[in-house]
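Fold and contact review
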Amino acid sequence: MTRQTRRTLAAGLASAMALAALFPVLQGGHWFWRVLGAVAAVVVAGLLSRAVRLPAVLQPVAALLLLSGYLCVVFAHGTLDHGVLPTQGTLDALRALADAGRADIDKYAPPVTPSTGVVLLTAAGVGAVALLVDLVAVVLDRVALAGLPLLALFAVPSAVLPEGLGGLVFAIGASGWLVLLLEEGSERVGRWGTPMRAALPGARAGGDDSSLGRVGRRIGATAVGLAIVVPSFVPGLDHRLLGGNGNGAAGSGEGPSRATTYNPLTTLKDQLTLPEPRQLFVYSTDDDSPDYVRMTTLDTFDGNGWRSSKLEADRDDAKVQKGISRPAGEDEGAPHRQVRMRVAMDGDSLEVHWLPVPFGPRKIDVSGTWLWDPLSQTVFSASRTTKGLDPYTVEASRVLPTRESLLAATNVAVSLNVAARYGNAIRVSPDTVALAEQITRGTTTPYDAAVAIQNWFTNPVNGYVYDFQASPPRRGENPLDAFLEGKHGFCEQYATAMAALLRIVGLPSRVAVGFTPGQGVPGREGTYSVTTSDAHAWPEAWFAGTGWVRFEPTPAASGAMTPDYSVAPSTTPTTSPSTGPTPRPTGSAFPRGFRDADTLLGPDGAGGTASDAASRHLGRWALGALVLVLVAAVPLASTALRRRSRLRRLDPLLAWEQVGDDVTDVGGPWRATDSPRTAATRLDVLLDEPGRAALDRLATAAELVRYAPAGRASGTGLAEDTSAVRRALHAAAPRSVRWRAKAFAPSTLHWLSHLVAERVADVLDLTDRVLSWLYRPARRVLRLRT
C-alpha cells in the first residue's frame, strides 16, 4: 500500500469520526449513512485519482465532481437524465431541498429533526470538510493543519448547544485526527530506513516500531485526556466544546458583561407541541390577578421574523440585587401595583440565560450574577442559566395602564433611546403596508391604532384561527405575508404580525417572550404552575407616561389574556386579567412527571427564604472545606501509614530509606548516590550526640547488608535508631519546616506522584496492548492485499 493510499484512508477515517459532533444536534441516526456516504465519495475520488496519477491540482476537482454526483444521485435521483446525467430539474430540486433545510434549521432548536433538506445540507457540508482534509493532508502534505477543517464540524454544534458537545464526542473526533498524525509520523520514520532492532514478521520499515507506536499512542491519549479534564479545573476556560455552558463555572457568578442569546422563538413551537406538558417552574405571589411572566424581548425585524439585539450591562453597576431603576418613559404618578413573587425552577426543565420575572421588577434576590438591561427590560446572565437555579424572590411595581392614560399619550415625548432601537422603519411587502393603513384608517391616536390592529386579529369576522400545526410558508414566500394571507398560526405569528404592523404605523414596538400566568395549584392559594404549554409571545407598544404596554392579538383559544385596557368599555374582555389564571379543579392531579409545589417552594410558599438560601450556600462551603481538609489529610495519612508499614517489616535497608525520607522532608543534604558512610558524614553537623550515634549504627547496618557476607548485619534496635535520628532532625529544623515535614512531607508527595504515574503507565500499557491486538488482523489483511 502506497503512502498516499494510507494517508487518504486515514484522512477519510478522521472525517468520519468527526461526525460524532453532529449526533447531539440531529435527532436519531438515520441521517448518518447518507452523510457518511459523502465522506466515502471524497475518499473514493482520492484513491482513484491517485491510482491513475492524476495531477495534484486536479485531484480536489475530481473529489468535488464525485461528491456532487453523489448528492445528485442520493437526493435528486428522479430528476437525472437516464439516471445518470443531472438536468435543470436536478438543480431546482436540490435548491428547493436546501431552502427547506435552511428553514428547518432556522425554525427549530437542536436537536433538529433530520428532514431531507437538513440531511442534504449536512452531507454537503461534511463532504466539503472531508475534501478540505484530504486536500490539506494528502495533496499539500500538511497533516497537522488538517485539524482546522475538522474543528469546523465541532465549532457549529458547540455554538448552538447550551451544554456544549461533551468530552466523549470531542475525544472521538480528536482520536481520528490523532490517527492521521500517527500515520504521518510513522511514514516519516519509515524514511529513515530499517530500525535498529529485529522487525516483526511482515512489518514495514519504520512503520511498526512498537516503542514508537507506544509513545505516540501514549502522547495522543494523554493529550486528549488533558484536553477533556483540564478545562474542568481551570476557571475561565471555555467549556462549550467539551461540555458545559461555555460561561465559566455555574456558581462562580463571573463572566463577560455581554451576552449573545439565541432567539427564543426557535424553541417556542417545540414547547407548545410536546405530547405531554412539562412543568418548568412554580411561583407564589401576592398578586390577586397575576399577569404574564416575561423573559426577554425581540426588537429587530429582518423581513422574516423578530430577533434580539445583544444584551449589554456593566457587571458591577447593573446587578439586580442592587435594585432596578424605573424605566424611562414611565410616569411615577401612574397607578402601580406592588407585587412580590417567589419563583422556583423545576430542576433542569428550563435552561435559558434570561430570568423569568413579572412586569416592572425593582429588586431581585437571586444567587449568581444577573444583570439588568434597561432598554429591553431583560434580566440576563452571561455566566449561568436558570438550570438548577435556587428559588429567587422578585419585588415588582407593575404599572396599571388605563384607556384614559393611553388615549392621552400622543407619543410626542418618545425617548431617543427607545426611538432609535424600537422605532426604526422595517422592510415589508407593499401588501402588508396597505393592510396596516387599511386597519388603522380613521384612528386619531396611537392607542386607537394599536387597539384597531389587535381587534383585527381577535375579531372572528376576519377569520384568524389559532393553529400551531399551520403549514409553513412555501419556498420563497415571506412568512409574514403567508400568515396574513393564510390566517392560521400560533402566538409567534400573531405577535410578529402585530408588532410589525405597529412599527409600520409609527408606534415603537417589539415582541416579548415569556409565559402566560399558568394554572393555579389546588390547595395553595396564590401558587401557580407554569408548563411548556404556557410558553407565549406577545407584542408590546411604547406609550409616553406609561412605557411599554402589552397587547394580545392571539385568539383566546390559546389561553391568552386580553388586557381590559385594550377593550372598549362596552366590550367584555376575552379573558379578563382581573380574574387571574384559572385554577385546576379541586382534586385534579398534575400531569405525570410534575413535581409537587411543596417540594419546590416549601410548605409555606417561601421556597427557601434568603436565610434558607444562605444556609444552603453555607452548607456547600462547609462541604467544600471538608473536601479540602480530606485532600490535605492525604499526605499526612500517607506519611504515617507508610512509616508504620516500614517499621513493621524493618530491615537495615528499609531503615536507611526511612532516614533518607526524613532528611528530605526537613530539607537536609541527601544524595541518593552517596554511600551510607558518606551520607552519615554529611549529616553529622545537623544532629546532636544521640542522633549521630543512632545514624552511625544505621549506616553501619546498611553497609553490612550491601557489602558484607550474608548474616553479618544486625537487625536489632533499628526502629529506635530510626526514631532517634528523626527526632534529632526535627529538633534542628525550624518550626515551619517541622510542620511541613508532618503535613506535606516532600518524600511522601514524591512517592505518591510516582505511584500515580506508574498506575497511569499501566493503564496506557493495557491500552497499547488492546490497540495492538485490534490492529493486528487489519494489518494482516492490508499486508495480504499489498
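To start, this report covers the structure provided alongside it. (Residues numbered from 1 in each chain as written. Predicted model: local features only at pLDDT ≥ 70, side-chain atom pairs only at ≥ 80, totals over all residues. Heavy atoms only, no water.)

With the rule as written, the count across this model stands at 19 salt bridges. Residues glutamate 552 and arginine 550 are paired through a salt bridge, measuring 3.9 Å at the closest nitrogen-oxygen approach. There is no split in this pair, since glutamate 552 and arginine 550 are both buried. Of the charged contacts, one joins aspartate 674 and arginine 682 as a salt bridge, the two residues approaching to 2.9 Å between their closest N and O atoms. Taking relative accessible area as the criterion, aspartate 674 reaches 14% and is therefore assigned buried. A network of salt bridges, in which partner residues are shared, links Asp287, Asp291, Arg337, Arg398, Arg550 and Glu552. (Salt bridge = Lys/Arg side-chain N within 4 Å of Asp/Glu carboxyl O. Buried < 20%, exposed > 50% of the residue type's maximum accessible area, 1.4 Å probe, protein only.)

Compared with the 34 Å implied by 1.5 Å per residue over 24 residues, the 33 Å span of helix H5 (residues 116-139) between its first and last C-alpha is a close match. Phi turns positive one or two residues past the end of H5, at aspartate 141, with a value near 55 degrees. (Helix = DSSP H or I, 4+ residues; strand = E, 2+ residues; numbered from the N terminus. Expected span 1.5 Å × (residues − 1).)

Moving on to the nonpolar core. Phe281, Leu355, Ile364, Tyr392, Phe457 and Phe543 are the most contacted members of the largest nonpolar core, which has 72 residues in total. No other element matches helix H15 (residues 491-504), which puts 9 residues into this core. Of all hydrophobic cores here, the second largest spans 48 residues; its members include Cys72, Leu97, Val138 and Leu153. (Core = buried A, V, L, I, M, F, W, Y, C linked by side-chain atoms within 4.5 Å.)

Right, let's get into a nonpolar patch on the surface. A contiguous nonpolar patch, built from Leu623, Leu626, Val627, Leu630 and Val631 and spanning about 470 Å² of accessible area, is present on the exposed surface. By the element assignment, leucine 630 lies in helix H17 (residues 610-648). (Patch = residues over 30% accessible without salt bridge, like charges linked within 9 Å, V, L, I, M, F, W, Y side chains within 5 Å. Areas by Shrake-Rupley, 256 points an atom, 1.4 Å probe, with all protein chains shown as cover.)

What follows is about empty space enclosed by the protein. Per the stated rule, a full pass over the model turns up 2 cavities of 30 Å³ or more. Size it by volume and the largest cavity reaches roughly 70 Å³. Contributing to the lining of the largest cavity are Thr285, Asp287, Pro290, Asp291, Tyr292, Val339, Met341, Pro358, Phe359, Ala396 and Arg398. Put simply, the parts of the chain that give the lining of the largest cavity at least two residues each are strand S7 (336-345) and strand S11 (392-399). Partitioning the lining of the largest cavity into residue classes produces 7 nonpolar, 1 polar and 3 charged. Of the volumes computed, that of the second largest cavity is approximately 40 Å³. Around the second largest cavity, the lining residues are Thr8, Ala11, Gly12, Ser15, Val39, Val42, Val43, Ala130 and Asp134. When residues of the lining of the second largest cavity are traced back to their parent elements, those giving at least two are helix H1 (3-17), helix H2 (31-51) and H5. At 4 residues, the largest contribution of residues to the lining of the second largest cavity is made by H1. (1 Å grid on protein atoms, 1.4 Å probe; cavity = no way out; pocket = protein on both sides within 12 Å on 5 of 7 lines; lining within 4 Å. Points joined across faces, edges and corners; volume = space filled by probe spheres on them. Nonpolar A, V, L, I, M, F, W, Y, C, P; charged D, E, K, R; others polar.)

Before going further, it helps to spend a moment on the packing of aromatic side chains. Under the counting rule described, the total for this entry stands at 20 aromatic pairs. Note on tryptophan 656 and tryptophan 670: the rings are 5.4 Å apart at their centroids and 50 degrees apart in plane angle, and the pair reads as tilted. A residue pair is termed long-range when its members are at least 10 positions apart, and tryptophan 656 in helix H18 (residues 652-665) and tryptophan 670 in the loop between H18 and helix H19 (676-683) qualify at 14 residues. Joined through ring pairs, the aromatic side chains of Phe23, Trp31, Phe32 and Trp33 make up one cluster. Directly above the aromatic system of tryptophan 548 lies the positively charged group of arginine 510, at a separation of 4.0 Å from the ring centroid. A cation sits over an aromatic face here: arginine 550 above tyrosine 292, 3.9 Å from the ring centre. (Phe/Tyr/Trp six-rings, centres within 6.5 Å; stacked < 30°, edge-to-face > 60°. Lys NZ or Arg CZ within 6 Å of the ring centre and 35° of its normal.)

Running from N to C, H1 and H5 cross one another at 145 degrees; their axes reach a closest spacing of 9 Å. The two elements H1 and H5 meet at a crossing, and its hand is right-handed. Only Ala130, Val133, Asp134, Ala137 and Val138 of H5 make contact with H1, whose side of the interface consists of Gln4, Arg7, Thr8, Ala11 and Ser15. (Axes fitted to C-alpha atoms, helices over the stretch in contact; angles between N-to-C directions. Left-handed = near helix turned anticlockwise from the far one by under 90°. Contact = heavy atoms within 4.5 Å.)

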